[in-house]
Amino acid sequence: MIAETIFIEQTIDKVFDAFANLSNWQKVLPDVLDVQTIYDDGYHQEFLMTVDRPNGAETIRGIRFCCPNARIELFQPVPPPGFKSMTGCWTFEEHQGVVQVTAQRWFELLLPDTTTKDEDKATAYQDVETKLRGYLHHNLGLFKASLEGVR
């Protein structure tokens, strides 16, 4: 599991809504090329999100469960290439007018059958953790900039 946390000076309603509103992702994150909402009743969300990756555009199907102003849980029934599974969550906690947002990801890699050495597996996981942590950190920063600029 990896986690990144950021503090955003904004109301919890606005912060939660910014993350929960799928159409907002394309506005805030430059690597999000398209979002197609399949279902959204305010709690359950299913969507296709196309993101720009080094090897080209990648479309990921996501399913989220939104608990207003508290938590958004995510799972990807068909994880990104190279992953056996990918799940995550964002939690939102208000502290005297500042909202703490924590993004967490749990994942399992699809490793080639030839990867048998424990140190090779550990290196593969560490490389992916570093990349994912970087994405989370970067994206949280973009949300913070967007939200703090719109008071």
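Look up: the structure comes first, before these words.
In what follows, the accompanying structure is described. Please read all numbers here as calculations on a predicted model, not as lab measurements. (Residues numbered from 1 in each chain as written. Predicted model: local features only at pLDDT ≥ 70, side-chain atom pairs only at ≥ 80, totals over all residues. Heavy atoms only, no water.)

**Topic: the overall build of the protein**
Applied cut-off: Helix numbers and strand numbers start at the N terminus; a helix is a DSSP run of H or I with at least 4 residues, a strand a run of E with at least 2. Throughout, the radius of gyration refers to the C-alpha atoms, and the reference size of a globule is 2.2 Å times the residue count to the power 0.38. Remark: exposure states derive from per-residue accessible area (1.4 Å probe, protein chains only) relative to the maximum for the residue type, with buried under 20%, exposed over 50%, and partly exposed in between. Should any heavy atoms of two residues lie within 4.5 Å, those residues are considered in contact. Values of accessible area rely on a 1.4 Å probe in the Shrake-Rupley scheme; residue burial ignores everything except the protein chains shown. This count recognises Lys and Arg as positive and Asp and Glu as negative, with His and chain-terminal groups excluded. Charge positions come from single atoms, namely NZ of Lys, CZ of Arg, CG of Asp or CD of Glu.
Counting its secondary structure elements, the protein contains three helices and seven strands. Overall, the protein shows an N-to-C arrangement of helices and strands of β-α-α-β-β-β-β-β-β-α. Taken against the 2.2 N^0.38 rule, which gives 15 Å for 151 residues, the C-alpha radius of gyration of the protein at 16 Å falls within 12% of a compact globule. Oriented by its inertia axes, the alpha-carbon framework of the protein measures out at about 50 × 30 × 25 Å. Looking at the protein as a whole, 39% of its 151 residues qualify as buried. A sequence separation of at least 24 residues applies to 46% of the contacts in the protein between residues at least 6 apart. About 8600 Å² of surface is accessible on the protein, with carbon and sulfur atoms providing 52% of the total. Here the protein carries 14 positive and 22 negative side-chain charges, and the mean point of each set is 1 Å from the other.

**Brief notes about the layout of surface pockets**
Which entries qualify depends on this criterion: For cavity detection a 1 Å grid was placed over the protein atoms alone, and a set of points counts as a cavity when a 1.4 Å probe fits there but cannot get out; an open set counts as a pocket when protein lies on both sides within 12 Å along at least five of seven lines, with lining residues being those that have an atom within 4 Å of a point. Grid points are joined across faces, edges and corners, and a volume is the space filled by probe spheres set on the points. When residues are grouped by polarity, Ala, Val, Leu, Ile, Met, Phe, Trp, Tyr, Cys and Pro land in nonpolar, Asp, Glu, Lys and Arg in charged, and all others, Gly among them, in polar.
Empty space within the largest pocket amounts to approximately 930 Å³. In terms of lining, the largest pocket is formed by 33 residues, of which the most central are Arg-53, Ile-60, Pro-80, Leu-132 and Tyr-135. When residues in the lining of the largest pocket are grouped by element, the largest group, nine residues, is from helix α3 (residues 118-148). Among the residues forming the lining of the largest pocket, the class breakdown is 22 nonpolar, four polar and seven charged.

**So, the nonpolar core**
Under the convention used in this document: For our purposes a nonpolar core is just a set of buried Ala, Val, Leu, Ile, Met, Phe, Trp, Tyr and Cys residues, chained together by side-chain atoms within 4.5 Å.
Core analysis: the largest hydrophobic core is formed by 37 residues, its most contacted members being Val-15, Phe-19, Ile-72, Trp-90, Phe-92 and Val-101. When neighbours within four sequence positions are excluded, Phe-92 is seen to be in contact with Ile-12, Val-15, Phe-16, Phe-19, Asn-69, Ala-70, Arg-71, Ile-72, Val-99, Gln-100 and Val-101.

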